Amino acid sequence: MKKRIAMLLLAAVLSTSLTACGNQPGQTQQPPTDNTPETAISESTDNPAPAPSTPGTDTADGTVQIPENPLSDAPSDTRPSASEDAELTADSIGPVSFTPNEKGYSMVYGANTLHAYFKRQNVVPGNGKMIIRKTSDDSVIEEINLKDTQKCSIGEADTTFNLLGWNGGTHLIIQLKETPASGEAYYVNLEEGAFTSQDGAILSKAIQDKTTWSYGVAPYGIIPARPSGSDVLVGDVLSADILIRQPAVLAKIENYDENRVRFNDKEFEQDAKLEIKIYQIGEDPFTVTFYDNDDNPLGSITLSYTASMPPEPEEEAPKKSITNL
């Protein structure tokens, strides 16, 4: 009996020992289920979570353009894009726009200036001539030497640059000898090198066709008795004929200083005589703008006069009496 009890106790001890060894290190474990942390780590490694987003602008292809750091002191890059740079470094002076032109608006009757706008900075008149021709018969109206400073001058930067979407450039004003005729059409030819870069290394291309720079003259306009730019005297009363023709139905006097120059009227709905009185010395500009039935501006012309004080009247010599002879 004692022997059987001893055998039973030995078997119980051996069973307890084997159970304890099954959880010791180095032994084979059951594979983890799909929800164990180890599986989650593996998925995270294969598909890392996206980094925190930075404010930007979504583009058409789904990418995001990251703006420059607003706290950075480094200047932003304002250089032209590759395409713009290619245009500006070609063998010509680059993009150019002309006014008036048939794609924009007609020249207001009475105006006698042309305007050329260049995207390139520091464009200057070159050796090539400008030739103005009448469209109806190709006759030459005028040949212009652009190096004549009385004929070609640098103009101010104006709203045309904004309309073109340019940050800046060069504005040149060409003065015509004659006022173009009402209702007539003209085109401009340019010899090669009519305009150049300031160092003379880059030339403008020739224009030899009838369409690149062509313009018509509107039937409406203003014909001043004294040309714009004339010298006048304080107190002078000048006159001009205002012509209202379709599509123009209204003309307004705008952009003037009432302390310097005044008019007999400021709005005209039909042909009329405009009277202009000068009150102060200096330059006295004003603009006449023409509008259609929908109050859209059709075009304008700016006139300017430079006034000086009239000379003092000479004193008459005292009359001598007969007794002093």
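Conventions used here
- Residues numbered from 1 in each chain as written.
- Predicted model: local features only at pLDDT ≥ 70, side-chain atom pairs only at ≥ 80, totals over all residues.
- Heavy atoms only, no water.
- Pairing = 2+ DSSP bridges.
- Helix = DSSP H or I, 4+ residues; strand = E, 2+ residues; numbered from the N terminus.
- Phe/Tyr/Trp six-rings, centres within 6.5 Å; stacked < 30°, edge-to-face > 60°.
- Buried < 20%, exposed > 50% of the residue type's maximum accessible area, 1.4 Å probe, protein only.

Some words on the sheet that holds strand E18 (residues 267-268)
Line of reasoning, step 1. The strand order E14-E21-E20-E16-E18 describes an open sheet built from five strands, whose pairing is mixed. Unpaired on one side and paired on the other, strand E14 (231-233) and E18 mark the two borders of the sheet.
Line of reasoning, step 2. Pairing between strand E20 (residues 282-291) and strand E21 (residues 297-308): 10 bridges, direction antiparallel. What sits directly across from Tyr291, in E21, is Pro297.

Brief notes about the pairing of strand E7 (residues 130-134)
Line of reasoning, step 1. The pairing of E7 with strand E8 (residues 140-144) spans four bridges and is antiparallel. Opposite Ile132, over in E8, you have Glu142 as the bridge partner.
Line of reasoning, step 2. Connecting the antiparallel pair E7 and E8 is a turn made up of five residues, with Asp138 showing a positive phi of about 65°.

As for the packing of aromatic side chains
Line of reasoning, step 1. Summed over the entire model, instances satisfying the criterion amount to eight aromatic pairs.
Line of reasoning, step 2. Ring plane angle 10° and centroid distance 4.0 Å describe the contact between Phe98 and Trp213, whose orientation is recorded as stacked. Taken together, the positions of Phe98 in strand E3 (residues 96-99) and Trp213 in the loop between strand E12 (195-197) and strand E13 (214-224) put the pair 115 residues apart, joining distant regions of the chain. Both residues of the pair, Phe98 and Trp213, count as buried.

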